[in-house]
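# Secondary and tertiary structure notes
Residue-level listing of the chains:
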Amino acid sequence: MDVQDGSDVLGVLIARASGRPLETFFRERIFQPLGMKDTGFSVRATELDRLATSYLTNVETGALEPYDQAEGGQWSRPPAFPSGAAGLVSTIDDYLAFGQMMLNNGRHGSERILSRPSVETMTSDQLTPEQKAVSGLVPGFFDSHGWGFGVSIVTKRDDVAAIPGRFGWDGGLGTSWYSDPQEDMVTILMTQCAWRSPTPPDVCLDFWTSAYQAIDD
């Protein structure tokens, strides 16, 4: 069982333990308290004109091709199975609220979303050296990263943007989010272009390098 499988199972357990659909639980416990009004597993018909088309790069021509259109696409209707591992659509403003809450150890304004110990556990490396040695994720990834509960954590500085303790994740449909406690910084990139490789494309690497090179203190 990989990380995604485990998160899917967790989503089912949350729905059953709470006695309500997973999206309802997310909305009541996370999205509404954080003001994340545009985040969910689908988009209302009246809001589809705000949803950007998702693209995929043609490996032979290098051209961008539509991967998922807003009208009639994946997020134009509720999913048959709301996944605990993936499938949410959101905006930068909503994602920033979530990333800032995590950076604030679970607090959003006067609201306590998660306890400080919970966030500390989520953002601590939970893998043993033996587990990392047999991982098939990305060759060399765990030389400088660890895995907490739902997020990756930088454990070794081998790049200007690789600050130990920085946590977040890169989504396969072209999103990238990290919160950095040391720099008190939340950075988000949305490219709308799905990745064919588990390694983030050059635009992501350029983005992170530029974000950290802009620090002036």
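So, here is what we can say about the structure in this document.

Parameters at a glance
Residues numbered from 1 in each chain as written. Predicted model: local features only at pLDDT ≥ 70, side-chain atom pairs only at ≥ 80, totals over all residues. Heavy atoms only, no water. Helix = DSSP H or I, 4+ residues; strand = E, 2+ residues; numbered from the N terminus. Rg over C-alpha atoms; globule rule 2.2 N^0.38 Å. Buried < 20%, exposed > 50% of the residue type's maximum accessible area, 1.4 Å probe, protein only. Pairing = 2+ DSSP bridges. Axes fitted to C-alpha atoms, helices over the stretch in contact; angles between N-to-C directions. Contact = heavy atoms within 4.5 Å. Phe/Tyr/Trp six-rings, centres within 6.5 Å; stacked < 30°, edge-to-face > 60°. Expected span 1.5 Å × (residues − 1). Arc of directions from axis to C-beta.

Turning next to the overall build of the chain. From N to C terminus, the chain includes six helices and 10 strands. Since a compact globule built from 217 residues should have a radius of gyration of about 17 Å, the 18 Å found for the chain is in line with a globular shape. C-alpha atoms of the chain, sized along the principal axes, occupy 50 × 45 × 40 Å. Within the chain, buried positions represent 35% of all 217 residues.

With that settled, consider the sheet that holds strand S6 (residues 152-154). Here five strands make up an open sheet; going across it, the order is S5-S6-S7-S8-S9 and the pairing antiparallel. Strands at the two margins of the open sheet, each flanked by one partner only, are strand S5 (145-147) and strand S9 (185-190). The mean angle between the axes of side-by-side strands here comes to 25°, regardless of whether they run parallel or antiparallel. In this fold helix H6 (residues 202-213) packs onto strand S7 (167-171), strand S8 (175-180) and S9, with an angle of close to 150° to the strand it touches most, S9.

Let us now look at unusual backbone geometry. With phi around 50°, Asp-184 is a residue other than glycine that occupies positive phi space. Summarising the element assignment, Asp-184 is placed in the loop between S8 and S9. Asp-184 sits in the exposed class, given a relative accessible area of 57%.

The next thing to look at is the pairing of S9. Burial within S9 is extensive, with five of its six residues counted as buried. Inspection of the sheet shows S8 paired to S9 by six bridges, in the antiparallel sense. When the sheet's bridge partners are listed, Ser-179 is paired in S9 with Val-186.

Moving on, we get to the side chain of Asn-58. Along the polypeptide, Asn-58 turns up in the loop between strand S1 (54-57) and strand S2 (64-68). For Asn-58, a relative accessible area of 16% translates into the label buried. Residues contacting Asn-58, with those up to four places away along its chain left out, are Ala-63, Glu-65 and Arg-196.

For the rest of this paragraph, the subject is the side chain of Ser-179. Mapped onto the elements, Ser-179 comes out in strand S8. In contact with Ser-179, other than residues within four places in its own chain, are Gly-99, Leu-103, Gly-165, Arg-166, Phe-167, Met-185 and Val-186.

Once that is clear, we can look at the packing of aromatic side chains. Tallied over the full model, the rule gives 10 aromatic pairs. With a centroid separation of 4.9 Å and 85° between ring planes, the pair formed by Trp-147 and Trp-169 is classed as edge-to-face. Of this pair, Trp-147 sits in strand S5 while Trp-169 sits in strand S7, and the two are 22 residues apart along the sequence. Looking at Trp-147, the relative accessible area reads 11%, which means it is buried. Exposure remark for Trp-169: the relative accessible area of 32% places this residue in the partly exposed category. Residues Phe-167 and Trp-177 carry aromatic rings whose centres are separated by 6.1 Å and whose planes lie at 80° to one another, so their mutual orientation is edge-to-face. Here Phe-167, found in strand S7, pairs with Trp-177, found in strand S8; they are 10 residues apart in sequence, far enough to count as distant. Classification of Phe-167 as buried rests on a relative accessible area of 2%.

Between the first and last C-alpha of H6 there are 16 Å, a value that for 12 residues agrees with the 16 Å anticipated at 1.5 Å per step. All of the buried residues along H6 are Cys-204, Trp-208, Ala-211 and Tyr-212. Projected down its long axis, H6 shows its buried positions confined to an angular sector of 90°, all on one face. Exposed and oriented more than 90 degrees from the buried face of H6 are Asp-202, Asp-206 and Gln-213.

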